[in-house]
Amino acid sequence: MKNNQSERKKSSMPLRINRKSFLGVLSIISQELIEAISTKFKIKKPKEEEVLSDVRLKAEINNPNSVLSVIDNYAYKKTFLMNIGDEKGLLLENAISESKAKNILELGVYLGYSTIRILKNLNENSKLTSIESNNKFAEISSEIISIAGLSDKHNLIIGRSSEIIPNLNEKFDFIFIDHWKDLYLKDLKSLEENDLIERNAWIFADNVILFNLEDYLDYVRSSPKYTSKFIPAKREYSKSHPDGVEISIFTNEV
Ligand SMILES: C[S@@+](CC[C@H](N)C(=O)[O-])C[C@H]1O[C@@H](n2cnc3c(N)ncnc32)[C@H](O)[C@@H]1O
């Protein structure tokens, strides 16, 4: 990615959530409500457990693409899953390859879907540390990542990012941010304050349009420490609701 002014200007669009993105969030909320009611009244088991059963049953062992495709199939045919999804997942894979990152940090694992997309693109000298606060999701994702045959280069830390980040003691050259949306900016600043971001590191943030992450976008687009670029895409598992990812390079210029 080039560090120039025109790119910074290009990146300033779009910032405001539009009607279609709002409908994208509404559709997620309604699907999550139906899911919560169905599991509360024991009509079905939690969808995360269903996904794990599907992966155990249908995915080919040690084949990451087969695991991803079982998960995508579930999300397209049954109900919404908050993975990065197939379209933005490819953007993430391309960014990992292009950046040639060696030490990657992931905030928010859920079922391990994005984790697999990252791990399958790592070379021999690279590794990934992921932080996930939900014990059940951590347990499920560990098994899914192991079925994909990718546990070797992975370190999963269970806990809240706000508590884990200040105790990390290595610098990262690629950070994938995809946990709760109100934490993106707070945790990015915490990573900066704790001196955990390598110069020229890539910061890849998901769902910046879907959830209208204005404060985060304002910061990375206006701070001289970053050169930032927006890539439009559709919301995960949707053909119509707009979303996008923001890729920011930490040039650390003041
Ligand atoms: C959108 S999902 C992650 C999806 C995943 N990156 C993927 O694309 O497959 C967000 C996850 O972040 C986790 N999470 C939320 N707040 C967190 C925090 N403060 N620290 C660590 N994980 C957190 C949630 O439990 C949830 O599993």
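Residues numbered from 1 in each chain as written. Predicted model: local features only at pLDDT ≥ 70, side-chain atom pairs only at ≥ 80, totals over all residues.

### A closer look at the overall build of the protein
Then comes step 1: Along the backbone of the protein there are ten helices and seven strands.
Then comes step 2: The C-alpha radius of gyration computed for the protein amounts to 18 Å, which stays within 12% of the reference 18 Å derived for 254 residues, consistent with globular compactness.
Then comes step 3: With the principal axes as the frame, the protein shows a C-alpha extent of 55 × 45 × 30 Å.
Then comes step 4: The proportion of buried residues among the 254 residues of the protein is 40%.
Then comes step 5: Of the contacts formed within the protein by residues at least 6 apart in sequence, a portion of 75% connects residues at least 24 apart. (Helix = DSSP H or I, 4+ residues; strand = E, 2+ residues; numbered from the N terminus. Rg over C-alpha atoms; globule rule 2.2 N^0.38 Å. Buried ≥ 20, exposed ≤ 12 C-beta atoms within 10 Å, placed from the backbone. Contact = placed C-beta atoms within 7 Å.)

### Section: the sheet that holds strand β7 (residues 242-250)
Then comes step 1: Overall, mixed pairing links the seven strands, which are arranged β3-β2-β1-β4-β5-β7-β6 in an open sheet. Either end of the sheet is taken by a strand with one partner, and the two such strands are β3 (154-158) and β6 (226-234). Recorded for the sheet is a direction-independent mean angle of 15 degrees between the axes of neighbouring strands.
Then comes step 2: Here strand β1 (residues 103-107) pairs with strand β2 (residues 127-132) via five bridges, running parallel. (Pairing = 2+ DSSP bridges. Axes fitted to C-alpha atoms, helices over the stretch in contact; angles between N-to-C directions.)

### A closer look at the site of the ligand
Then comes step 1: Around the ligand lies a shell of 21 residues, among which Ile84, Gly108, Tyr113, Ser114 and His179 are the nearest.
Then comes step 2: Counting only elements with at least two residues in the shell around the ligand, the list comes to α6 (113-119) and β2.
Then comes step 3: Looking at the shell around the ligand, its residues break down into eleven nonpolar, seven polar and three charged. (Near = placed C-beta within 6 Å. Nonpolar A, V, L, I, M, F, W, Y, C, P; charged D, E, K, R; others polar.)

### Digging into the environment of Phe172
Then comes step 1: Structurally, Phe172 can be placed in strand β4 (residues 172-177).
Then comes step 2: Sequence-wise, Phe172 and Ala201 are 29 residues apart; in three dimensions their C-alpha atoms are separated by 7.0 Å.
Then comes step 3: Those residues within four positions of Phe172 in sequence are excluded, and the remaining contacts are Asn103, Ile104, Leu105, Leu196, Ile197, Glu198 and Ala201.

### Structural notes on the nonpolar core
Then comes step 1: If you look at the biggest cluster of nonpolar residues, it comprises 64 residues, and the most contacted ones within it are Ile71 and Ile175.
Then comes step 2: Counting residues per element, this core draws most heavily on strand β5 (residues 197-205), which supplies six residues.
Then comes step 3: If we skip the residues at most four places from it in the chain, Ile175 touches Leu105, Leu191, Ile197, Ala201 and Ile203. (Core = buried A, V, L, I, M, F, W, Y, C linked by C-beta atoms within 7 Å.)

### What to know about helix α7 (residues 135-147)
Then comes step 1: Its 13 residues place the ends of α7 19 Å apart at the C-alpha level, agreeing with the 18 Å of an ideal helix rising 1.5 Å per residue.
Then comes step 2: For α7, the complete set of buried residues consists of Ile140, Ser141, Ile144, Ile145 and Ile147. End-on view of α7: buried residues confined to an arc of 150 degrees, all on one side of the axis.
Then comes step 3: Residues of α7 that are buried in the fold lie against α3 (47-58), α4 (64-77), α6, β2 and β3.
Then comes step 4: Looking one or two residues past α7, Gly149 carries a phi angle of roughly 80 degrees, positive in sign. (Expected span 1.5 Å × (residues − 1). Arc of directions from axis to C-beta.)

### Some thoughts on the environment of Glu198
Then comes step 1: Within the element layout of this structure, Glu198 appears in strand β5.
Then comes step 2: For Glu198 and Asp72, which are 126 residues apart along the polypeptide, the C-alpha to C-alpha distance reads 33 Å.
Then comes step 3: Aside from chain neighbours lying at most four places away, what touches Glu198 is Lys171, Phe172 and Asp173.

### Regarding helix α9 (residues 184-193)
Because the α-helix completes a turn every 3.6 residues, residues three or four places apart line up on one side.
Then comes step 1: All of the buried residues in α9 are Tyr184, Asp187, Leu188 and Leu191. One side of α9 carries all its buried residues, which in axial view fall inside an arc of 105 degrees. Facing away from the buried surface of α9 by more than 90 degrees, the exposed residues are Lys189 and Glu193.
Then comes step 2: In the stretch just after α9, Asp195 is the one whose phi turns positive, near 55 degrees.

Distances and angles like these do not, on their own, reveal function.
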